[in-house]
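Understanding the architecture of this molecule
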Amino acid sequence: MTTFVDRVELHVAAGNGGHGCASVHREKFKPLGGPDGGNGGRGGDVILVVDQSVTTLLDYHHSPHRKATNGKPGEGGNRSGKDGQDLVLPVPDGTVVLDSRGEVLADLVGHGTTYVAAEGGRGGLGNAALASARRKAPGFALLGEPGDAGDVVLELKTVADVALVGYPSAGKSSLISVLSAAKPKIADYPFTTLVPNLGVVTAGATVYTVADVPGLIPGASQGRGLGLEFLRHVERCSVLVHVLDTATAEPDRDPVSDLDTIEAELAQYGGLDDRPRVVVLNKVDVPDGQDLADMIRPDLLERGYRVFEVSAVAHKGLKELSFALAEIVARARADRPREEATRIVIRPKAVDDAGFTVTREDDGLFRVRGEKPERWVRQTDFNNDEAVGYLADRLNRLGVEEELMKAGARAGDGVAIGAEDNAVVFDWEPTVMAGAEMLGRRGEDHRMEALRPAVQRRREREAERDEAQREFDDFNPF
Ligand SMILES: Nc1nc2c(ncn2[C@@H]2O[C@H](COP(=O)(O)OP(=O)(O)OP(=O)(O)O)[C@@H](O)[C@H]2O)c(=O)[nH]1
Ligand SMILES: [Mg+2]
């Protein structure tokens, strides 16, 4: 049998956004041509799509690193960069997507269901798009944003109606082979089944699926044997069938204590309490087996189980069993109006209404968190003073300065924008716009200390350019 993979860790990286372009239109005898730098293209997404022709996660086991392509940078002449291409990854029906901490992100059920596992970065605006009445000829462009990158875990949960559980060699695979057309491997040694088998059963008008789980043994929920790995496959089932071996030769086992052991393991695993149970006493073709079945039947009935005596080998009691299971499955389907569509969990964004938060940390550092401020920082080319000045303006307009002041920030305090491991840190100087309490003289635009030299140079340059622009405007009647 081919390898079966039902859990993989996938490393996904979306494409980066292309950088915007800073360019000035040049033509002979027209020294003051307008900005014509195009925008960068968007990075491609990594998208998971349920494809019913895919049955295992094997491909991702072999090559777990997947990356979408980057957006191309913008170019002069107002040419936008090309968008990166989305990377579409086909996954089997019933794939559950988790983050690396084990939180469920999405539960993908149904052909065509999609989930964006990593979002491509936005392209940066070129200087043409950044031009405004106030900033007629920006000498900078925005950087493209990096695409999302990270690990997701894919788990495959078989979507079976009936799950067969029991000790190794109890006859689970044999039962599937006689109830359905499936031909799983059957042998007289334990752990014959290494991965779940799935069979389709037709009983009257009802068609349902049956899966077996590799044999469970005491301690399975702690990871002994193979079964636990596969219990997730039974999580979606409507009914659990205990397959009990009435003819085991092992001295310290009997069907009732086997049942107790398996139940204890299921309880340890958790989440299966509400599933109806049925007991199958298998191997009653063996004379001792029939005697034992007769002996324990009253006990099982008293415990409230429906009990079926069968022989997978002699094809005994199969019809009753398959019709009884069909009835339970049909009832479960009726009770649970199949809203079993995709359950996608939206990752919460820790941002309040203002779009950002300011918090003071123990060491006196002020931390600014928020989608916009963090994005703006990523988009900034810190080697370009004008770009840094533009960032300061944006932060100010959003009200970041004001909030910092309210939170008690003083000149010279450290301010970090972004998460701990990925923040831009600078010394803060309040600006004119932030209110009356600023420490500098009115009209002086001294910003964050670290940015100040840059900002001052920018202001000087802007003043020069504005002057030139004014002269030009005066001279030019349009
Ligand atoms: N006499 C008799 N033997 C059976 C019957 N059902 C299964 N067996 C035998 O029991 C052994 C184990 O059967 P499997 O179907 O492989 O058991 P399993 O529960 O799938 O075992 P694992 O996959 O190891 O967990 C095989 O030798 C079967 O031929 C039955 O009804 N009567
Ligand atoms: Mg088996």
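Residues numbered from 1 in each chain as written. Chains lettered and ligands numbered in written order. Predicted model: local features only at pLDDT ≥ 70, side-chain atom pairs only at ≥ 80, totals over all residues. Heavy atoms only, no water.

Applied cut-off: UniProt positions are given in the numbering used here, feature names are shortened, and annotations may be inferred rather than shown by experiment.
Going by what an unreviewed UniProt entry lists, the chain is known as GTPase Obg and is assigned to Streptomyces hebeiensis. The record held by UniProt for the chain lists under Sequence similarities (unreviewed entry) the comment "Belongs to the TRAFAC class OBG-HflX-like GTPase superfamily. OBG GTPase family."

**Examining the side chain of Asp245**
Under the convention used in this document: Runs of H or I in DSSP of at least four residues are treated as helices and runs of E of at least two as strands, each being numbered from the N terminus. Only protein chains enter the area calculation, which uses a 1.4 Å probe; residues under 20% of their type maximum are buried, those over 50% are exposed, and those in between are partly exposed. Here a polar contact is taken to be a pair of N or O atoms separated by no more than 3.5 Å, where protein atoms must pair a possible hydrogen donor with a possible acceptor and residues adjacent in sequence count only if both atoms sit in side chains.
Mapped onto the elements of the fold, Asp245 is located in strand β12 (residues 239–245). For Asp245, a relative accessible area of 4% gives the class buried. A distance of 3.2 Å separates a polar atom in the side chain of Asp245 from the backbone nitrogen of Thr248. There is a polar contact of 3.1 Å between the side chain of Asp245 and the side chain of Lys283.

**Side note on the pairing of strand β6 (residues 104–108)**
Rules: Two strands are counted as paired when DSSP detects at least two bridges linking them.
By the criterion of burial, β6 is predominantly enclosed, with four of the five residues buried. By the bridge criterion, four bridges tie strand β5 (residues 95–99) to β6 in an arrangement that is antiparallel. Bridge pairing in β6 places Leu98 opposite Val104. Counted along the chain from β5 to the antiparallel partner β6, the turn is four residues long, and its residue Gly102 has a positive phi close to 95°.

**Concerning helix α3 (residues 172–179)**
Filter applied, for reference: Two residues qualify as a contact provided that any one of their heavy atoms is within 4.5 Å of a heavy atom in the partner residue.
Along α3, seven of the eight residues are buried, which leaves the element largely enclosed by surrounding structure. Of all the positions in α3, only Lys172, Ser173, Ser174, Leu175, Ile176, Ser177 and Leu179 are classed as buried. Against β9 (162–165), β10 (198–203), β11 (206–212), β12, β13 (277–282) and α7 (318–335) lie the buried residues of α3.

**Here we look at the packing of aromatic side chains**
Note the cut-off: Ring pairs are drawn from Phe, Tyr and Trp, using the six-membered ring of Trp, whenever the two centres fall within 6.5 Å, and their geometry is named by plane angle: stacked under 30 degrees, edge-to-face over 60, tilted for the rest.
What the rule picks out here adds up to one aromatic pair. With a centroid separation of 5.1 Å and an interplanar angle of 50°, the aromatic rings of Phe140 and Tyr390 are classed as tilted. Of this pair, Phe140 sits in the loop between α2 (127–130) and β8 (149–156) while Tyr390 sits in helix α9 (residues 385–398), placing them 250 residues apart in sequence. You'll find Phe140 and Tyr390 in the same group, each marked buried.

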